[in-house]
Amino acid sequence: MNRILIDKQDYGTRIGIVESGLLVELVYERKNSMPIVGNIYVGKIMNVLPGMQAAFVDIGREKNAFLYYGNNRDENGNVIIPKTGSDVLVQVEKAEVGKKGSVLTRKISFTGKFLVIIPNDNKIGISKKITSSEERQRIKDIVRELLPAGYGAIVRTDGEGRSFEVYREEIDRLLEVSEDIIKKAEYTRAPALLYTEVSGTQKAVRDFFHDDIDEIVANSKDDYEDLLKMCSKLNIDMSKIKYHSDKTPLFAHYYVESQARAAFNRQVWLKSGGFIIIDQTEACVVIDVNTGKYTGKADLQKTILKTNLEAAVEIAHQLRLRNLNGMIIVDFIDMKSEADRLLLRKTLEEAVASDRLQTIVVGMTELGLMQLTRKKKRQTIMQLMTKSCPMCGGTGRVYCSCSDREPENE
């Protein structure tokens, strides 16, 4: 059975997506640190860097945000350079990380459950996961008929099979929001927040509540009632909505609390006895694969292949669970056979295919390191829910004298 668990706590809310008892995705939302990806601001250009075709923009947060303007061109193809002190309508594309401010875009969009509408555009895109050519054309015809001039759209996977009326209701709602925001931007003084991206129960319904979900369970009466209202509005089966009134904590009741806690561990054991080590740095995520306790039976290369294949599946799971993103480097155990390396890549590609965020297996480097990229949407759970130790600065090392230092295991 597939479930969504909405667990309201004192610090905020956590959302867990559980597939057949396995926690596959975990979202934390803190009361004092709500996600800002998708928020729309009127910002003020503070500093322009022509050499980088970028500008720093004050959107009213502690750190100025970064805006690339190189793709903003006039009719002759010349880059339009913004003026310092001018106002600009922007949307947060990537969240703040460490000392870096958020990344902005001038391509504003409004996301619904079934599609995204884009002002000042005229293209209609369809999710690649909708594979039927007839269905793709049917949807495109509906959206083209309903969208006014000057708007484009991207149809989400949940849009498959939806009726003309469902699309009409969602497009009308999103157009109303869009027109209101664009109108406000004309007279609002920067910096100012104009639109806040959905969170909590709204996010759970919009982004996670697909047809393959059997039930969505909330431990808050308010969230439960909100879920019923949203499902009624979107014509979604309300019988799938459950209220958890049991005294046992929600995640513990469904046996996923230990899985949620393990998502913060650096080391992850594999069923065979091997393990992977996950290190998050500012530049990238580095994952190391080890045979550990698994020694195989006879053939070394078969032992290595089995460990690597098992690790590939677990790595795909951990990327989604921990929301690891950006550039990811995996140091699999060296394999001599080219056929084994191809099988490993295919296994990894199949494992990441179920991820709702775009994940691309780039391939092996000359040094034998597997490269992946995963789209950045929000902070990792480690970045969001933990901070560096004030004593060691996050290095995790202990000073010792030469006399008491023991050699480390290689």
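What this report covers is the structure whose coordinates are included nearby. (Residues numbered from 1 in each chain as written. Predicted model: local features only at pLDDT ≥ 70, side-chain atom pairs only at ≥ 80, totals over all residues. Heavy atoms only, no water.)

For helix α1 (residues 133-146), which comprises 14 residues, the first-to-last C-alpha distance of 20 Å matches the rise-based estimate of 20 Å (1.5 Å per residue) to within 8%. Listed as buried for α1 are E135, I139, I142, V143 and L146. With its buried residues spanning 95 degrees around the axis, α1 presents them on a single face. In α1, the exposed residues that point more than 90 degrees away from the buried face are S133, E134, R144 and E145. Taken together, the buried residues of α1 touch β10 (115-119), β11 (124-126), β12 (151-155) and α2 (164-187). (Helix = DSSP H or I, 4+ residues; strand = E, 2+ residues; numbered from the N terminus. Expected span 1.5 Å × (residues − 1). Buried < 20%, exposed > 50% of the residue type's maximum accessible area, 1.4 Å probe, protein only. Arc of directions from axis to C-beta. Contact = heavy atoms within 4.5 Å.)

Here we come to the sheet that holds strand β20 (residues 359-364). One open sheet accounts for 6 strands, arranged β16-β17-β18-β19-β21-β20; its pairing is mixed. Only two strands of the sheet have a single neighbouring strand rather than two, namely β16 (267-269) and β20. Strand after strand, the sheet turns through a mean of 20 degrees between neighbouring axes, direction not considered. Pairing of β16 with strand β17 (residues 275-280), which is carried by 3 bridges, proceeds in the antiparallel orientation. Bridging from a neighbouring strand, Q267 pairs with I277 of β17. The strands touched by helix α7 (residues 300-322) are β16, β17, β18 (285-290), β19 (326-331), β20 and β21 (370-374); relative to β18, the strand with the most contacts, the crossing angle is about 150 degrees. (Pairing = 2+ DSSP bridges. Axes fitted to C-alpha atoms, helices over the stretch in contact; angles between N-to-C directions.)

Let's shift gears to the environment of G152. Mapped onto the secondary structure, G152 falls in strand β12. Taking relative accessible area as the criterion, G152 reaches 0% and is therefore assigned buried. Along the sequence, G152 and D121 sit 31 residues apart, while their C-alpha atoms lie 4.6 Å from each other.

What follows deals with the nonpolar core. In globular proteins that are soluble, nonpolar side chains generally tend to be buried together. I4, L115, V143, Y167 and F209 are the most contacted members of the largest nonpolar core, which has 47 residues in total. No other element matches the 6 residues that α2 contributes to this core. Leave out the neighbours within four places in its chain, and I4 touches I15, G16, I17, A204, F208, F209, I213, E215, I216 and V217. Within the second largest apolar cluster, 26 residues are counted, among which are I276, A312, I333 and M335. (Core = buried A, V, L, I, M, F, W, Y, C linked by side-chain atoms within 4.5 Å.)

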